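Inside the fold
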Amino acid sequence: MRIVVGITGASGAVYAYALINALHRLSVDIEMVASDMGWRVLDFECGLSRSDLANFGNIHENDDLFAPISSGSYRCDGMVVAPCSMNTLGAMANGIGDTLLLRAASVMLKERRPLVAVTRETPLNLIQIENMARLARAGGCVMPASPGFYTKPTEIWQLVGGMVGRLLDSLGIVNDVAPRWQGAR
Ligand SMILES: Cc1cc2nc3c(=O)[nH]c(=O)nc-3n(C[C@H](O)[C@H](O)[C@H](O)COP(=O)(O)O)c2cc1C
């Protein structure tokens, strides 16, 4: 299996890192691409740089539209944009493909492959809400970075893991990253 992970400049860079770790543990091939702000927020929030991600898979330049993930002919099983800024959400929802990240997302939609956007912003303005609806209508899956508390987490990594488990589920990847609801007990 091969998954594209796009990282943008929204808060919540830890979701990208945790997702990449989980995919790697599950032996999924990972193609990574980050916006400039994606790299900057990853560094700011997590103290991570591209060298910290290099061992997990291929890292592409966001201006390299010649990269394989730019084409629908390249075999890929889905893409997660985590975290997904409102800027990138708007671009994806409106068919813009002038960066590798956006082009790869557009390819997922046209090829009818899973495209998951882990959006992060609050509160939302109407344009952002409409962009979410637009992306969903085009076949994308909007999964706001909004972890559940019903597993009674006591640590941040449990909250993050809860999101990662649901992301893997949405890609159809069998996993036991997070506890599953078994009813109230
Ligand atoms: C520390 C920090 C946190 C940010 N958090 C968010 C956020 O949660 N959501 C969002 O939409 N933008 C956020 N931004 C603003 C985006 O980085 C900005 O809109 C940028 O243009 C996004 O570019 P990109 O979509 O190419 O990554 C944040 C910026 C900084 C510096």
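Residues numbered from 1 in each chain as written. Predicted model: local features only at pLDDT ≥ 70, side-chain atom pairs only at ≥ 80, totals over all residues. Heavy atoms only, no water.

Here the focus is the sheet that holds strand β6 (residues 141-142). Strand order in the open sheet made by the six strands is β3-β2-β1-β4-β5-β6, with parallel pairing throughout. Two strands in the sheet have a free side with no partner beyond their single neighbour: β3 (58-60) and β6. With respect to the sheet, helix α5 (residues 100-110) is in contact with β1 (2-7), β2 (29-34), β3, β4 (79-84) and β5 (115-119), its orientation differing from that of β4 by roughly 135°. (Pairing = 2+ DSSP bridges. Helix = DSSP H or I, 4+ residues; strand = E, 2+ residues; numbered from the N terminus. Contact = heavy atoms within 4.5 Å. Axes fitted to C-alpha atoms, helices over the stretch in contact; angles between N-to-C directions.)

Turning next to the environment of K110. Looking at the secondary structure, you find K110 in helix α5. The spatial distance from the C-alpha of K110 to the C-alpha of Y15 is 26 Å, given a sequence separation of 95 residues. Not counting residues up to four positions away in its chain, the partners in contact with K110 are G72 and R103.

As a rule of thumb, nonpolar side chains are buried together in soluble globular proteins. Core analysis: the largest hydrophobic core is formed by 32 residues, its most contacted members being V5, L19, I20, L23 and V80. Of all elements in the fold, only β1, α1 (13-25), β2, α2 (36-46), β4, β5 and α7 (156-170) reach the threshold of two or more residues within this core. For this core, the element with the highest residue contribution is α1, accounting for seven residues. Filtering out sequence-adjacent residues up to four positions away, V5 remains in contact with L19, I20, L23, I30, E31, M32, V33 and V80. The next biggest cluster of nonpolar side chains, apart from the first, holds 24 residues, and it includes M86, L101, A117 and M132. (Core = buried A, V, L, I, M, F, W, Y, C linked by side-chain atoms within 4.5 Å. Buried < 20%, exposed > 50% of the residue type's maximum accessible area, 1.4 Å probe, protein only.)

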